[in-house]
Amino acid sequence: MPLTLYDKIWEEHLVHQQEDGTALLFVDRHLIHEVTSPQAFEGLRNSNRKVRQPNLTLAVVDHNIPTTDRSKGIDDKDSRIQIETLDKNCKEFGVQLFGVHDKRQGIVHIVGPEQGFTQPGTVIVCGDSHTATHGAFGSLAFGIGTSEVEHVLATQTLVQKKAKNFRVNVNGKLAVGVTSKDVVLQIIGNIGTAGGTGYVIEYAGSLISDLSVENRMTICNMTIEGGARAGLIQPDQKIFDYLKGRPMSPKNENWDKAVEYWKTLKTDSDAKFDKEINLSAEDIVPMVTWGTSPQDVVSIDGKVPNPENESDVDRKNSIERSLKYMGLEPDVSIKDIKIDTVFIGSCTNGRIEDLREAAQILKDKKKATHVHAMIVPGSGLVKEQAEQEGLDKIFIGAGFEWREPGCSMCLAMNADKLKPKERCASTSNRNFEGRQGRGGRTHLVSPGMAAAAAIAGNLDDVRKYQN
Amino acid sequence: MQKFNTLKSIPAYLPIVNIDTDMIIPKQFLKTIKRTGLGKNLFFEMRYDDDGNKIKDFSLNNEPFNNSKILIAGNNFGCGSSREHAPWALLDFGITCVISSSYADIFYSNCFKNGILPIILEEEKIKELSEYSNRKEEISVDLNEQKIVYGNNETKFDIDPFKKKCLLEGLDDIALSLEKSTQIDTYEKKLKENKPWIFND
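Residues numbered from 1 in each chain as written. Chains lettered and ligands numbered in written order. Predicted model: local features only at pLDDT ≥ 70, side-chain atom pairs only at ≥ 80, totals over all residues.

**Focus on the overall build of chain B**
Right, so step 1: Counting secondary structure elements, chain B contains 8 helices and 8 strands.
Right, so step 2: With respect to the three principal axes, the spread of C-alpha positions in chain B is 65 × 45 × 25 Å.
Right, so step 3: A buried classification covers 44% of the 201 residues belonging to chain B.
Right, so step 4: Restricting the contact set of chain B to residue pairs at least 6 apart, pairs at least 24 apart contribute 70%. (Helix = DSSP H or I, 4+ residues; strand = E, 2+ residues; numbered from the N terminus. Buried ≥ 20, exposed ≤ 12 C-beta atoms within 10 Å, placed from the backbone. Contact = placed C-beta atoms within 7 Å.)

**Quick word on the overall build of chain A**
Right, so step 1: Helix and strand content of chain A: 16 helices and 19 strands.
Right, so step 2: Rg of the C-alpha trace for chain A: 21 Å, near the compact-globule value of 23 Å for 467 residues, within the 12% margin.
Right, so step 3: C-alpha atoms of chain A, sized along the principal axes, occupy 55 × 55 × 45 Å.
Right, so step 4: Within chain A, the proportion of its 467 residues that are buried is 58%.
Right, so step 5: Within chain A, contacts between residues separated by at least 24 positions form 77% of all contacts whose residues are at least 6 apart in sequence. (Rg over C-alpha atoms; globule rule 2.2 N^0.38 Å.)

**Here's the deal with the sheet that holds strand S3 (residues 29-33) of chain A**
Residue and element names in this part refer to chain A.
Right, so step 1: Pairing in this open sheet of 5 strands is parallel, and the strands run S5-S4-S3-S6-S7 from one edge to the other. At either end of the open sheet lies a strand with only one pairing partner, and these are strand S5 (96-98) and strand S7 (140-143). Looking at each pair of strands side by side, their axes are set apart by 20° on average, direction ignored.
Right, so step 2: Bridge count between S3 and strand S4 (residues 57-60): 4 bridges; the pairing is parallel. (Pairing = 2+ DSSP bridges. Axes fitted to C-alpha atoms, helices over the stretch in contact; angles between N-to-C directions.)

**Let's talk about the nonpolar core**
Residue and element names in this part refer to chain A.
Right, so step 1: Grouped together as the largest cluster of nonpolar side chains are 190 residues, with contacts concentrated most on Val342, Ala450 and Ala453.
Right, so step 2: If one sorts the elements of this core by residue count, helix H16 (residues 447-456) sits on top with 7 residues.
Right, so step 3: Those residues in contact with Val342, other than ones at most four positions away along the chain, are Val371, Ala373, Cys424, Ala425, Ala450, Ala453 and Ala454. (Core = buried A, V, L, I, M, F, W, Y, C linked by C-beta atoms within 7 Å.)

**Some remarks on the packing of helix H13 (residues 352-362) of chain A against H16 of chain A**
Residues and elements named next belong to chain A.
Right, so step 1: In contact at an axis separation of 8 Å, H13 and H16 are set at 30° when each is read in the N-to-C sense. As H13 packs across H16, the resulting crossing turns out to be right-handed. Across from Asp354, Glu357, Ala358, Ile361 and Leu362 in H13, the residues of H16 making contact are Pro447, Gly448, Ala450, Ala451 and Ala452.
Right, so step 2: Taken together, the residues of the contact of H13 with H16 break down into 7 nonpolar, 1 polar and 2 charged. (Left-handed = near helix turned anticlockwise from the far one by under 90°. Nonpolar A, V, L, I, M, F, W, Y, C, P; charged D, E, K, R; others polar.)

**Here we look at the pairing of strand S3 (residues 70-73) of chain B**
Residues and elements named next belong to chain B.
Right, so step 1: Of the two faces of S3, both are covered, the one formed by Ile70 and Ile72 as well as the one formed by Leu71 and Ala73.
Right, so step 2: Pairing between strand S2 (residues 12-14) and S3: 3 bridges, direction parallel. Within S3, the position partnered with Ala12 by the bridge is Leu71.
Right, so step 3: Viewed along the sheet, the connection from S3 through helix H3 (residues 85-93) into strand S4 (residues 97-100) turns out right-handed. (Right-handed = clockwise from strand over helix to strand, strands pointing away.)

**Description of the interface of chain B and chain A**
Right, so step 1: Contacts between chain B and chain A engage 44 residues on the former and 57 residues on the latter.
Right, so step 2: Of all the secondary structure elements, the ones that give two or more residues to the side of chain B that touches chain A are helix H1 (21-24), helix H4 (105-112), helix H6 (161-169), helix H7 (173-178) and helix H8 (181-194) of chain B.
Right, so step 3: By residue class, the composition of the side of chain B that touches chain A is 18 nonpolar, 12 polar and 14 charged.

**A look at the confidence of the model for chain B**
Right, so step 1: Looking at chain B as a whole, its pLDDT mean stands at 96, while 100% of the residues score no less than 70.
Right, so step 2: For this predicted complex, the interface score ipTM comes out at 0.94, alongside a pTM of 0.96. (pLDDT = per-residue confidence, 0-100.)

**What about unusual backbone geometry?**
Right, so step 1: Following Glu63 of chain B, the chain continues to Pro64 of chain B via a peptide bond in cis, the omega torsion being -10°.
Right, so step 2: You can see Pro64 of chain B is positioned in the loop between helix H2 (44-47) and S3.
Right, so step 3: The backbone phi angle of Asp331 of chain A is positive, close to 70°, even though this residue is not glycine.
Right, so step 4: Looking at where Asp331 of chain A falls in the secondary structure, it is placed in the loop between helix H11 (313-326) and strand S15 (341-344).

**Thoughts on the sheet that holds strand S8 (residues 153-156) of chain B**
Residues and elements named next belong to chain B.
Right, so step 1: Taken in spatial order, the 4 strands line up as S1-S6-S7-S8 in an open sheet, and their pairing is antiparallel. Strands at the two margins of the open sheet, each flanked by one partner only, are strand S1 (6-9) and S8. Strand-to-strand twist across the sheet, computed as the mean angle between neighbouring axes with direction ignored, equals 15°.
Right, so step 2: Two strands pair when backbone bridges link them, and strand S7 (residues 147-150) and S8 are joined in this way by 4 bridges, in the antiparallel orientation. The residue bridging Lys147 from the neighbouring strand is Lys156, located in S8.

**Describing the pairing of strand S1 (residues 14-17) of chain A**
Right, so step 1: Here S1 of chain A runs beside strand S2 (residues 22-26) of chain A; their pairing, made up of 3 bridges, is antiparallel. Considered in S2 of chain A, the bridge of Leu14 of chain A is made with Leu25 of chain A.

**Structural notes on the packing of helix H6 (residues 180-191) of chain A against helix H8 (residues 213-221) of chain A**
Residue and element names in this part refer to chain A.
Right, so step 1: Here H6 crosses H8 at 25°, and the two axes come no closer than 8 Å. Between H6 and H8, the interaxial angle falls into the category roughly parallel. The way H6 lies across H8 gives a crossing that is right-handed. Residue-level inspection shows Ser180, Lys181, Val183 and Val184 of H6 in contact with H8, the latter providing Asn215, Thr218 and Ile219.
Right, so step 2: Class assignment for the residues of the contact of H6 with H8 results in 3 nonpolar, 3 polar and 1 charged. (Parallel < 35°, antiparallel > 145°, perpendicular 65-115°, else oblique.)

**Considering the environment of Ser47 of chain A**
All names here are of chain A.
Right, so step 1: Of note, Ser47 is situated in the loop between helix H2 (38-46) and S4.
Right, so step 2: Residue classification places Ser47 among the partly exposed residues on the basis of 13 C-beta atoms within 10 Å.
Right, so step 3: Spatially, the C-alpha atom of Ser47 lies 41 Å from that of Tyr242, the residues being 195 residues apart in sequence.

What follows is the structure, given as structure tokens:
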């Protein structure tokens, strides 16, 4: 029977198929962080269990950590306790940790690929819903809860039921100023926030193959915003080149064996998908979200929707609720929306290519005076690379704050948060109510669009700012 | 884990779609290293004003819904972050059963790890049941029989047999998986031979 890439990875990882349809699946790579792991380690301790494969586990601090100077410790007591708890747990159970003062520290989904910990054909899990990011390497990567984190630590497996197959084909070429962030926002707008529930998505088509490895990560990253737990892309030469020589990538004869295997990781040409959609890259323009769900997308040339035009009562109520929260009037032009804050960073858009994209727009420009703007690199290594390229000088020159790596204002667990009614153009992944701070208003955009918004002081079309 | 068998309660009703896990428990409460104590912060931003006072017209703040064990909500409940703090907060508040027409995958599986039963029903049934919340009348849930009884009516619901068994018996699924240790050993041995790079050797 012809199989999809997902089917093949699934079968390769079956430890035991149970009669009730559930399966015990082997986990090759387990990433952990300070927020969703303490209760899992506590569970292990209470049941007198060990970490089965510490070598297949990697820990990073990211969610909670301040992005200002950390050399003198962390002021917030609860954050400090959580970070210290991870440190203690990793020592006790023999897990490698990139801690606060390690230059490899960063956002878990940026660190994994950067270190070569992320590899094609593997099953990768993490107690974080954006784990699908690693699917860009042709791995089956998905987010899990803390009980499942404990299960993986103890058994190196997970009890899972197979999902259905969904293929999203994007063909053609993107116009200048349009990025993979716009592509994924367009996809979520099309399928809706629950459109992928119960599926694993494979992204395919000529555009996806043309994208760089990091741009592919942006697309896979936001898969969960369309409801699917995992999204993946067939690995190719770009992926192998990206991984070659990274600290945790296979070495010597293992490298050759690995690449030989990775080349077999593809969907059979006659494989059947349970659901399939097609998008044309030429139709995609710079996108913005107007509401409080990632499916609430509109083009930068568009207008805020009018609930009166909606016939479905639930949908109408939902739009009204969103507009009230967002402080927006129906039918207002998107480009007339003034912003207070710009945030560039997160596991969606905190990699070096994202920073280059923003820097290209910001070069020799200044942010609008009323805008507070910050850039948070995705990892210590991304920060170092950006500084070597002089990007930090462009950002600081444009009036941006240049911060230490972490999740920061994407989820606002640390001090980086919006005040009530503050409006932000953000390169992160969620515009939920209160996500970036109580009462904060989020508009999701690409790094280039965020840079354009900083200069203009309102949401604006990045295509006007191409240097 | 607490066993789930039958449950009787006046249901609380939140007629909102896409209730995400940030709404269920905002991030400032994720700094805990415990599973308990999150109930008072459940639906924090809808439940309290800027000064920390309870918002009067939010149903879960008022009798009898402050004691509801069943929550009825709009579709795609629990979307967003994987935080298990969401079911922990529901559980700590006293809610052990959620009824919606659909759930986000990660939230759905997290419920079962914590003795919470997430029931999926059609929108029409949800509307019917919400009337019981409006009238402050009890409904009852029977997991073994897979049915909800309301007034003189009843409706059946589907559930995965393995998940049902775990809830009914309050099973520790790590212990169940560790019974398969021999199979895991065999798998790892084979993996070391076929894909040695996985172990960084």
